[in-house]
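Residue strings, one per chain:
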Amino acid sequence: MKNIIAVVFDFDITLSPYFQQDIIFQKWGIEPNECWDKARKFMQNGYDQEHAYLRCLIDYNKQKGFELNNKKLYEYGREIKLYEGLSKKNNQHSIFDDLENLLKKDEFLDANIKIEYYCVSGGITEMIEGAFEAHNLNFREVFACKFDEDESGKLNYIKETVGHTIKTQKLYMISKGASPKRGDNPNKVNEKIKVLELKSYDDYIIDDSDPTITQKNKDKALNNAIKQALQPISSKL
């Protein structure tokens, strides 16, 4: 697995310019601040941020009779818009195409490099997976918050949360090549995947809103990022 580069993204305000929960609030006809204010009160009583907002969604679901379930969350996720240049929906050209095309360059072919995409987010797994399916994006795994349902099929329990400290745990699992979905045990996986760590913001971050950024600049930034990730790999070839 040493020829694999893992590219890891957050979701809200990273891949999407919006907070995914806003779609739920819109469907329910409530103001977002109404829920976030309740969440802040839970946090004042010792809840962490993720448990607080998930508890609010469960409470609204019970009290208002919204009948939200994981299937609906997935469908709501399909409505999420991404930043321009990311979606591959309807055969749109995406930055993910640019990354894959880079690996076809002669300087990278001998290394037989593969790129895997991951999402680590404090959002909701089903919504993120719905968004990726709708935009035709192939992410290997999503690490995010999860609900469980009661006997009637409504959201009633918090299954998993992903906060700031848990995100570092998920990055460790990715670097070990461990996948809970496959039933892997991280302690028994020894080979590591290279997780791309950006050392210079100016060299590797591409701002499409900046009119001075040309396609040549973008190609150079992507090329530099791949070369950086390849350094420990090429030294062992």
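So, how was this worked out
- Residues numbered from 1 in each chain as written.
- Predicted model: local features only at pLDDT ≥ 70, side-chain atom pairs only at ≥ 80, totals over all residues.
- Heavy atoms only, no water.
- Helix = DSSP H or I, 4+ residues; strand = E, 2+ residues; numbered from the N terminus.
- Buried < 20%, exposed > 50% of the residue type's maximum accessible area, 1.4 Å probe, protein only.
- Contact = heavy atoms within 4.5 Å.
- Areas by Shrake-Rupley, 256 points an atom, 1.4 Å probe, with all protein chains shown as cover.
- Phe/Tyr/Trp six-rings, centres within 6.5 Å; stacked < 30°, edge-to-face > 60°.
- Expected span 1.5 Å × (residues − 1).
- Arc of directions from axis to C-beta.
- 1 Å grid on protein atoms, 1.4 Å probe; cavity = no way out; pocket = protein on both sides within 12 Å on 5 of 7 lines; lining within 4 Å.
- Points joined across faces, edges and corners; volume = space filled by probe spheres on them.
- Nonpolar A, V, L, I, M, F, W, Y, C, P; charged D, E, K, R; others polar.
- Axes fitted to C-alpha atoms, helices over the stretch in contact; angles between N-to-C directions.
- Parallel < 35°, antiparallel > 145°, perpendicular 65-115°, else oblique.
- Left-handed = near helix turned anticlockwise from the far one by under 90°.
- Salt bridge = Lys/Arg side-chain N within 4 Å of Asp/Glu carboxyl O.

In terms of helices and strands, the protein chain carries ten helices and five strands. Relative to its full complement of 237 residues, the protein chain shows a buried share of 44%. Pairs at least 24 apart in sequence give 62% of the contacts found in the protein chain among residues at least 6 apart. When the accessible surface of the protein chain is summed, it comes to about 13700 Å², and 46% of that surface belongs to carbon and sulfur atoms.

Inspection of the entire model under this criterion finds twelve aromatic pairs. Aromatic pair F9 and F96: ring centres 5.8 Å apart, planes at 65°, arrangement edge-to-face. With F9 in strand 1 (residues 4–9) and F96 in helix 5 (residues 95–102), the pair connects residues that are 87 residues apart, well separated along the chain. Ring geometry for F96 versus Y117: centroids 4.9 Å apart, planes at 80°, classification edge-to-face. Separated by 21 residues along the polypeptide, F96 in helix 5 and Y117 in strand 2 (residues 114–124) bring together distant segments of the chain. Grouping residues by exposure puts F96 and Y117 together as buried. Grouped by ring-pair contacts, the aromatic residues F9, F11, F96, Y117, F132 and F139 constitute a single cluster.

With 13 residues, helix 2 (residues 32–44) should reach 18 Å at 1.5 Å per residue; the first-to-last C-alpha distance of 19 Å fits that figure. Those residues of helix 2 lying buried are C35, A39 and F42. Looking straight down helix 2, one finds its buried side chains confined to an arc of 55°; they lie on one side. Those residues of helix 2 that are exposed and aimed more than 90 degrees away from the buried face are N33, K41 and Q44. At its buried positions, helix 2 is contacted by helix 1 (21–28) and helix 3 (49–64). Once helix 2 finishes, G46 follows within two positions and takes phi at roughly 105°, a positive value.

As a further point, take the layout of surface pockets. Of the pockets and cavities examined, the second largest pocket occupies roughly 300 Å³. Taken together, 15 residues line the second largest pocket, and the ones lying closest to its centre are D12, F19, Q49, E50 and G122. When residues of the lining of the second largest pocket are traced back to their parent elements, those giving at least two are helix 3, strand 2 and helix 8 (164–176). The residue makeup of the lining of the second largest pocket, split by class, is four nonpolar, seven polar and four charged.

A few words now on the packing of helix 4 (residues 70–77) against helix 7 (residues 125–134). Taken N-terminus to C-terminus, the directions of helix 4 and helix 7 make an angle of 45°; their axes are 6 Å apart at the nearest point. Classed by the angle they form, the pair helix 4 and helix 7 counts as oblique. Remark: the crossing between helix 4 and helix 7 carries right-handed chirality. Across the interface between the two elements, N70, L73, Y74, Y76 and G77 of helix 4 pack against E126, M127, E129, G130, A131 and E133 of helix 7. For the contact of helix 4 with helix 7, a count of residues per class yields five nonpolar, three polar and three charged.

Axis separation between helix 1 and helix 2 bottoms out at 9 Å; the angle between their running directions is 115°. For the pair formed by helix 1 and helix 2, the contact residues are Q21, D22 and F25 on the first element and P32, C35 and W36 on the second. The class makeup of the residues in the contact of helix 1 with helix 2 is four nonpolar, one polar and one charged.

Time to look at the pattern of salt bridges. Tallying each qualifying case throughout the model produces nine salt bridges. We note a salt bridge from E160 to K146, for which the minimum N-O separation is 4.0 Å. Of this pair, E160 sits in strand 4 (residues 155–160) while K146 sits in strand 3 (residues 141–149), placing them 14 residues apart in sequence. By relative accessible area, which is 25% here, K146 ends up partly exposed. Look at the salt bridges and you will find they share partners, linking K146, E160 and K170 into a network.

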